[in-house]
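# A closer look at the structure
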Amino acid sequence: MSKEDTLARMEKAIIEGNKEEAEMLAKEALEEKMDLLEVIEKGYARGIQKVGYLWERGEYFLPELITSAECMKAAMSIFQPELEKTQIQAQSRGKVIIGTIEGDIHDIGKNLVASMLTANGFDVIDLGADVKLERFVEKAEEEDADFICLSALLTTTMLGQKRVIEILKEKNLTKKIKVLVGGAPVNQKWADNIGADGYGENAMAAVKVAQNLSRG
Amino acid sequence: MASATEKIENLKVEFDEKRILRLIGYKSKSMKLKEPVKKLISEEKEKLGHLLHPVSIYTILDYEETNKHPVFNGAEKVALCISTIGPDLEKDIKELMSDNEMLRALILDSLGSEAAEEVAIQSDRILAEKAREMDLWPSKRFSPGYGKWDIQEQRYVFSVLPGESIGVRLTESCMMIPRKSVSFRINFYKDKELSTRKK
């Protein structure tokens, strides 16, 4: 099989959410010592881009996005040891610190956003749920992060999103670190009012916003 | 004298398939559900028998016994209720997430949300019937955090009702644990015109 065929099959495996095929092709790529960066960029990553496109066209829905993201994660975890060994770094779209605001233990939406961002080439550090506000900023500074993603599912905890932005302002970090907010009670108006850089209505929208900001 | 609290048990939860699909992200009516997703939904649904423990606790207060929050104005009596499906489903979701089974976790979470809503709906019906038995007119069901009833009023609901007797507690940020719990009020009016309920 030609390299182009293999790359096309990788792309297809992600689009169709076929985890077994995605994993099998990843193992073959390792055995055959293929250029892993090329495999990721021209095979798997193209698949996940196409998935995003299908979602935008209303052909794919959240379950398909999750399935494809899970396939992407499975393939990438096969490459991870080799990438670390050879110190090759797949191109990152940016480093993200993500978590649910303190006082709030909702985490499924946040986990979905983290999973979608990872599948789309972002380097994600998940702090979990019930995270102290200062911790977001400390970790972002420590990791030299590009984004902080703040999830809040309660009207009481969404105020924490505002406070994190205030802490960033106090530290003069708002230009360097972009803040994305999300969660059931959150909307674009709230994001604008508190000075957030972006609002993700759902997991894929969050990815699009982060992609646009990282290009900008 | 404090009003008695009562439990509602033995509630049977039924699911509206279309609502479940909407909750897991299928927004379009024209979409065709893919077989693997269909299979996952039915597998997660099968687990519900031992994961759901629906129960509610309620009390019916005279207006004078309440904290006289403006949302109770005009009511003869006020029913306060806490409903839950118990903690087991959430434990299972956590396990699925730690196993990276995100889609299964989302499906189970959606089924849990729908089940919690269904328990609240059935409890609401029982309470509305109690209003009618008292020759009063029930309002619709309202939860803290909606309209003029601030989320902080959860504390009032939990000061009146012993949530822990059905395994529900309130955090400092007014979140109920288990999360798949619903608290609400129904005002009972003398005057039919004040009732916002159609039936």
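Owing to the predicted nature of the structure, the values given are computational and were not obtained by experimental measurement.

## Observations regarding unusual backbone geometry
- Here the bond from B:I177 into B:P178 is cis, since omega is 0°, no more than 30 degrees from zero.
- Positionally, B:P178 belongs in the loop between β6 (176-177) and β7 (181-189).
- Even without a glycine there, the phi angle at A:N172 is positive, about 60°.
- With phi around 60°, B:D135 is a residue other than glycine that occupies positive phi space.
- When you line up the elements, B:D135 lands in the loop between α4 (102-133) and β4 (137-138).
- Note on B:D135: 9 C-beta atoms within 10 Å, which makes it exposed.

## Quick look at the domain arrangement of chain A
All names here are of chain A.
- Segmenting chain A into domains produces domain 1 (3-85) and domain 2 (95-215).
- Computed from C-alpha coordinates alone, the two centres of domain 1 and domain 2 are separated by 26 Å.
- Grouping the amino acids of the side of domain 1 that touches domain 2 by side-chain chemistry returns eight nonpolar, two polar and one charged.

## Structural notes on the interface of chain B and chain A
- Contacts between chain B and chain A engage 23 residues on the former and 19 residues on the latter.
- Elements with a minimum of two residues in the side of chain B that touches chain A: α3 (88-98) and α4 of chain B.
- In terms of residues, the side of chain B that touches chain A owes the most to one element, α4(B), which gives five residues.
- Per-class residue counts for the side of chain B that touches chain A are 13 nonpolar, six polar and four charged.

## What to know about helix α2 (residues 35-51) of chain B
- Between its terminal C-alpha atoms α2(B) stretches 24 Å, which fits the 24 Å expected from 17 residues at 1.5 Å a residue.
- Those residues of α2(B) not exposed but buried are B:V37, B:L40, B:I41, B:E44 and B:L51. Down the axis of α2(B), the buried set is contained in an arc of 100°. They therefore lie on one face. Exposed residues pointing more than 90 degrees away from the buried face of α2(B) are listed as B:E35, B:K38, B:K39, B:S42, B:E43, B:E46, B:G49 and B:H50.
- In this structure, the buried side of α2(B) is in contact with α4 (62-85) of chain A together with α1 (17-23), α3 and α4 of chain B.

Thresholds applied
- Residues numbered from 1 in each chain as written.
- Chains lettered and ligands numbered in written order.
- Predicted model: local features only at pLDDT ≥ 70, side-chain atom pairs only at ≥ 80, totals over all residues.
- Helix = DSSP H or I, 4+ residues; strand = E, 2+ residues; numbered from the N terminus.
- Buried ≥ 20, exposed ≤ 12 C-beta atoms within 10 Å, placed from the backbone.
- Domains from an automatic or database assignment.
- Nonpolar A, V, L, I, M, F, W, Y, C, P; charged D, E, K, R; others polar.
- Contact = placed C-beta atoms within 7 Å.
- Expected span 1.5 Å × (residues − 1).
- Arc of directions from axis to C-beta.

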